[in-house]
Amino acid sequence: MKRIFFFLVNAILLSSYIQGQSSGYFTNPVIPGDLADPSVIRIGEMYYATATSSEWAPYFPVFGSTDLVNWEQKVHIFTKKPEWTSNSFWAPELYCHNGKVYCYYTARREADGVSYIGVATANSPLEEFTDHGLLVEYGTEAIDAFVYNDEGQLYITWKAYGLDRRPIEIIGSKLSADGLRLEGEPFSLLKDEENIGMEGQYHFKKGDYYYIIYAAHGCCGPFSDYDVYVARSENFKGPYEKYQGNPVLHGGNEEYLSCGHGTIVDAPDGRMFYMCHAYLKGDGVFAGRQPILQEMRMTEDKWVRFLTGEHAVRKQPVPFPGTIQKKRSGFEDNFDTPDLKVNWSWNYPYAEPDIKIKNDQLYVNGFPKEGNKYGTALCVRAEVPVYSYCTRVANDNNSLKGLTMYGDNNNLLIWGIAGNQVVLKYVKDGQESILYKSDSETVHPWLKIEVEKGCLLAFYQSENGKDWEKAREEVLDVSHLMRWDRVARPGLIHAGKQSEPAAFSFFRLMNK
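Residues numbered from 1 in each chain as written. Predicted model: local features only at pLDDT ≥ 70, side-chain atom pairs only at ≥ 80, totals over all residues. Heavy atoms only, no water.

A. Expanded view of the nonpolar core. Formed by 75 residues in total, the largest nonpolar core has its most connected members in Tyr104, Ile156, Met405, Leu413, Trp415 and Phe507. Beyond its immediate chain neighbours, meaning those up to four positions away, Leu413 contacts Leu403, Thr404, Met405, Leu424, Lys425, Tyr426, Ile449, Leu457, Phe459, Leu476 and Val478. Core analysis: the next-biggest nonpolar cluster, separate from the first, contains 40 residues, Leu190, Tyr214, Tyr240 and Tyr274 among them. (Core = buried A, V, L, I, M, F, W, Y, C linked by side-chain atoms within 4.5 Å. Buried < 20%, exposed > 50% of the residue type's maximum accessible area, 1.4 Å probe, protein only. Contact = heavy atoms within 4.5 Å.)

This is the structure we're talking about:
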């Protein structure tokens, strides 16, 4: 009995120890889903982050957190496109100055499609930002802005010459005191003499040195080899010395394919946490470039290192004692509020959505733009490679309406109903195929898609939402729906006449 007693006591102590250990760690990504080029700031006790939205609207989602581990989407920087822009909303950078919050961002100019840098301001990250127009118009491309205050003088830096037959450079310029105008002549800070790429820079000063943390190699896609480099100088304007031990953070291990392009936020006690994006290895790549968090420290020889080493590691010590990472189960919208939930997005270059919510139903319609034959999609970010999503079509007409996995206007699928027929339509590079069609016994069917490995899809229908019938035995591989700078998103779609909208009674996405 005594042995049994001691065994039970030890088991309880061991269990408590394991629980204590596990509660002292979190697992990256901290913000699941395709959100490249994250920027993070601290205002009082709150942390705020934003990221690239690319071809999805609304533009630049904003997230809030009290512990750097658990994040909730709050608003967007813009709900409408700034007048000077067309598309490709990349690399927003948040900055606090004179009681205002600034967002320096990259977008293509409407007049010629060239990527330049604009600036917008708000009184709070949770307000709609007011755009102040084009700020950096430099060369054939100017992207990836960062703002640094050097003893009262504001500077903005950016990536230049990325499209030219010459080395990429990090270029800088003085900013006006209000942060809205360039002053003086631009100057070069750092040159890509190794021809490995250079972008997504972050500046800070510790002791005698100014540091530039930047990303190198290939940013995007399933063969990305992005990594993190550092250089330092005794003067902000340089010359900068590149660290001989670069890269200081990289993937290429069992967990990560690649990582890079981020910013550092200081905890109240001065510790530095670097948030950048990363592709998970294997199936996780289909969730896109996801924000990860790692603590960064200075070394005795005045360089930098990451707490868990040069290889990016998913399991990290929590930034603050007592922090417990909440499990994300998915997303649900029952359309029981007047407005859409903030998580929804749409592919704005190809359709202007017409969305209404009434009587606990969502009505989706839209105005497809030139080159778009497949209507209006309303999507959310996938957070894991294994999940399912479902809906119920709530009205009866001849438009094709239901679920979608959406890459762009020429690469998507529709699992829906038109009239009394359930249809699986698959579009690859603009070529359309009907993979399944059958008469439905109900005009208001439940529809479901099961996702495995991030890209293998199975299709189901039901008359009551409980008993599901598989539509076809073969799974469909949709890996080609990944675009060069973003991944496909699950959601709802309407493809038909504007006089025949789609109505949905709910949407539910469940992580597994």
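B. Fine view of the packing of aromatic side chains. Under the criterion given, the structure shown has 33 aromatic pairs. Taking the centre distance of 6.0 Å and the plane angle of 80° together, the rings of Tyr155 and Phe187 count as edge-to-face. In this pair, Tyr155 is assigned in strand E12 (residues 153-160) and Phe187 in strand E14 (residues 182-191), connecting sequence segments 32 residues apart. The same class applies to Tyr155 as to Phe187, namely buried. These aromatic residues form a ring-pair network of at least three members: Tyr59, Phe60, Phe78, Trp84, Phe89, Tyr105 and Tyr348. Above the plane of the ring of Tyr161 lies Arg166, whose end atom (NZ or CZ) is 3.6 Å from the centre. (Phe/Tyr/Trp six-rings, centres within 6.5 Å; stacked < 30°, edge-to-face > 60°. Helix = DSSP H or I, 4+ residues; strand = E, 2+ residues; numbered from the N terminus. Lys NZ or Arg CZ within 6 Å of the ring centre and 35° of its normal.)

C. Just empty space enclosed by the protein, in detail. Counted under the stated rule, the structure contains 5 cavities of 30 Å³ or more. Considered as a void within the structure, the largest cavity measures approximately 110 Å³ in volume. In terms of lining, the largest cavity is formed by 14 residues, of which the most central are Phe286, Met405, Gly454, Val487 and Ala488. Residue classes in the lining of the largest cavity are distributed as 12 nonpolar, 2 polar and no charged. Counted as a void, the second largest cavity has a volume near 90 Å³. Considering the residues around the second largest cavity, the lining is formed by 15 residues, among which Pro61, His76, Ser345, Arg381 and Arg489 are closest to the centre. Counting only elements with at least two residues in the lining of the second largest cavity, the list comes to strand E4 (56-57) and strand E6 (72-78). In terms of residue class, the lining of the second largest cavity is made up of 7 nonpolar, 6 polar and 2 charged. (1 Å grid on protein atoms, 1.4 Å probe; cavity = no way out; pocket = protein on both sides within 12 Å on 5 of 7 lines; lining within 4 Å. Points joined across faces, edges and corners; volume = space filled by probe spheres on them. Nonpolar A, V, L, I, M, F, W, Y, C, P; charged D, E, K, R; others polar.)

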